[in-house]
Amino acid sequence: MFSRLYLHIPWCQSKCGYCAFNSRPLEPHKLEQTCDLLLHEMELAARTHPRNQPLRSLYFGGGTPSLLHPDQISRLISRSQELFRHADPIEITLEANPGTVSRDSLTGYCRAGVTRLSLGAQSFDDQLLQTLGRRHTAAETRSAFQLAQQAGFTSIGLDLICGLPGQEMAAWQQDLAAALALQPDHLSIYGLTIEEETPFADRYPAGCDALPDHDLSASMLEEADSILTADGYEHYEIANFTRPGCRSQHNCGYWQRDGYLGIGPGAHSFLRQGWGIRWGNQSEYDVWAAALGNNELATTEHQELTREDALSEFIFLGLRMADGIGLDDFAEQFGERLEQRFTEQITQLSQAGLLTCSPERLALTKRGMLLSNQVFVRFL
Ligand code: SF4
């Protein structure tokens, strides 16, 4: 059914200009209420979906989960263990923003059972951080990283964004060097996308020259690949790099279509039942909270997947990973050979240097990772 649990913390210190995530500026008196509601939703969900495997990963995402006190994180972890059972070992990740953590809070998260810290660095250029609307400085990122190491975290990741307003290649190279100086176990690298209905959509309309053009943005991602892999990182997913043994197991679960339960406003769930069932929670905090106040789950957007939905998902999620897709796995799940059904697409995309196909596996090339949307659309 599901073996992964996602807990969404919808609060941030303030809203970053580019952010389209389901988050809102903090109302401090609501943090404790949020924690209680998450506990209540877990209990209702455990009754609704009683037969589950032990959890292999738990992920606190947001928003800014590091706004929660370690005691609140500890309560959520303990209750998830009671309700769903934890596999041994279990990966427990907490997303944190530099500037919201301290030596005490990081030590507390570690003691509560968090095994992995994902720090939203985004850039080491204070000017760019300000442009993005981030509330922290590069110095605070470095300090948070070092405090996390001292607190006992052995798996610490950083997120970086490239293609930022006015950013040149040299500035991006400096960001990569600054990140590498910390020797993180994991790096997630994203290109900035301008999302509708964000302040950035007004500030940077299509075609505006304040943003690096498409070629420069693509070159920045290539540069990240070349610098990080030269330093021993494995580029294991389109946007993710790892030291050996430090892949995000939780996110690998998404790409391998493991079942997961999402708790919190706007969180999404996927159960391995039939070809798969997906749904989302109400994204408005007050609507979500009101439903739980009535002892109801605030679910919406139920979708039962067809065989064709599942087949497309299997391909475009599986191809995100450098390991690619096991051709026998596909045949086992769908009763036909992928390489026979998509012979023409595979031939053309391989000739274009975007795919590589062995008798066992189909995978994106490095160039295919950069142009992944052009590949995925051919399998829909
Ligand atoms: S910290 Fe993250 S989730 Fe919060 S507003 Fe900024 S980008 Fe969005």
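Quick look at helix 6 (residues 169–182)
Under the 1.5 Å per step criterion, the end-to-end length of helix 6 is 21 Å for 14 residues, consistent within 8% with the ideal 20 Å. By the burial criterion, the buried members of helix 6 are Trp-172, Asp-175, Leu-176 and Ala-179. For helix 6, the angular spread of the buried residues around the axis is 95 degrees, confining them to a single face. Away from the buried face of helix 6 by more than 90 degrees, exposed residues Ala-170, Ala-177 and Ala-181 are located. Contacts made by the buried residues of helix 6 are with strand 6 (116–122), strand 7 (156–162), strand 8 (186–191) and helix 8 (214–230). Phi turns positive one or two residues past the end of helix 6, at Gln-183, with a value near 55 degrees.

Some remarks on the sheet that holds strand 17 (residues 361–364)
Through backbone hydrogen bonds, the strands of a sheet pair up, either in parallel or in antiparallel fashion. Across the sheet, three strands lie side by side as 15-17-16; this open sheet has antiparallel pairing. In the strand order of this sheet, the two ends are held by strand 15 (325–326) and strand 16 (355–357), each with one partner. Bridging between strand 15 and strand 17 involves two bridges; their strand directions are antiparallel. Each bridged residue has a counterpart across the sheet, and for Ile-325 the counterpart in strand 17 is Leu-362. Of the strands in this sheet, strand 16 and strand 17 are in contact with helix 14 (residues 343–351), which crosses strand 16 at around 120 degrees.

Re unusual backbone geometry
Trans peptide bonds make up most of the peptide bonds, and negative phi angles are found at most residues other than glycine. Omega for the peptide link from Gly-62 to Gly-63 comes to 20 degrees, which places this bond in the cis form. Looking at the element boundaries, Gly-63 is found in the loop between strand 4 (55–62) and helix 2 (70–84). The residue after Asp-88, namely Pro-89, is reached through a cis peptide bond having omega 5 degrees. With respect to the element layout, Pro-89 can be found in strand 5 (residues 86–96).

Comments concerning the packing of helix 3 (residues 103–112) against helix 5 (residues 138–151)
To describe two helices that pack against each other, one gives the angle between their axes and the distance between the axes. For the pair helix 3 and helix 5, the least separation of the axes is 9 Å and the interaxial angle reads 45 degrees. By the angle between their axes, helix 3 is oblique relative to helix 5. Along this stretch, helix 3 crosses helix 5, giving a crossing that reads as right-handed. Where helix 3 approaches helix 5, its residues Arg-103, Leu-106, Thr-107 and Cys-110 are matched on the opposing element by Leu-147, Ala-148, Gln-150 and Ala-151. Its residues placed into classes, the contact of helix 3 with helix 5 shows five nonpolar, two polar and one charged.

Some remarks on the environment of Glu-339
When you line up the elements, Glu-339 lands in helix 13 (residues 338–341). Spatially, the C-alpha atoms of Glu-339 and Pro-359 are 9.2 Å apart, while their sequence positions differ by 20 residues. With residues near it in sequence (within four places) discarded, Glu-339 still touches Leu-327, Ile-346 and Cys-357.

A look at the domain arrangement of the protein
Segmenting the protein into domains produces domain 1 (4–254) and domain 2 (308–379). On a C-alpha basis, the centres of domain 1 and domain 2 stand 28 Å from each other. Facing nine residues of domain 1, the contacting portion of domain 2 comprises eight residues. Mapped onto the side of domain 1 that touches domain 2, the elements with two or more residues apiece are helix 8 and strand 9 (234–237).

A few points about helix 1 (residues 30–48)
Look at helix 1: 26 Å from first C-alpha to last across 19 residues, which is about the 27 Å you get at 1.5 Å a residue. Residues of helix 1 that are buried include every one of Thr-34, Leu-37, Leu-38, Glu-41, Met-42 and Ala-45, and no others. The arc enclosing the buried residues of helix 1, seen along the axis, measures out at 145 degrees, which places them on a common side. The exposed residues of helix 1 that point more than 90 degrees off its buried face are Glu-32, Gln-33 and Arg-47. Looking at the buried residues of helix 1, the elements they touch are strand 1 (4–9), helix 2, strand 11 (260–263) and helix 10 (285–293).

Here we look at the nonpolar core
By size, the foremost hydrophobic cluster in this structure holds 71 residues, and its most contacted members are Leu-5, Ile-73, Cys-162 and Ile-263. Excluding residues that lie within four positions of it along the chain, Ile-263 makes contacts with Leu-5, Tyr-6, Leu-7, His-8, Leu-38, Glu-41, Met-42 and Ala-45.

Comments concerning the pairing of strand 13 (residues 277–281)
Summarising the sheet, strand 12 (residues 268–271) and strand 13 pair through four bridges and their orientation is antiparallel. Among the inter-strand pairings, Phe-270 is bridged to a residue of strand 13, identified as Arg-278. If you look at the hairpin formed by strand 12 and strand 13, you'll find five residues sitting between the two strands, and Gly-274 has a positive phi there, around 60 degrees. With four bridges joining them, strand 13 and strand 14 (residues 299–304) adopt antiparallel strand pairing.

About the criteria used
Residues numbered from 1 in each chain as written. Predicted model: local features only at pLDDT ≥ 70, side-chain atom pairs only at ≥ 80, totals over all residues. Helix = DSSP H or I, 4+ residues; strand = E, 2+ residues; numbered from the N terminus. Expected span 1.5 Å × (residues − 1). Buried ≥ 20, exposed ≤ 12 C-beta atoms within 10 Å, placed from the backbone. Arc of directions from axis to C-beta. Contact = placed C-beta atoms within 7 Å. Pairing = 2+ DSSP bridges. Axes fitted to C-alpha atoms, helices over the stretch in contact; angles between N-to-C directions. Parallel < 35°, antiparallel > 145°, perpendicular 65-115°, else oblique. Left-handed = near helix turned anticlockwise from the far one by under 90°. Nonpolar A, V, L, I, M, F, W, Y, C, P; charged D, E, K, R; others polar. Domains from an automatic or database assignment. Core = buried A, V, L, I, M, F, W, Y, C linked by C-beta atoms within 7 Å.

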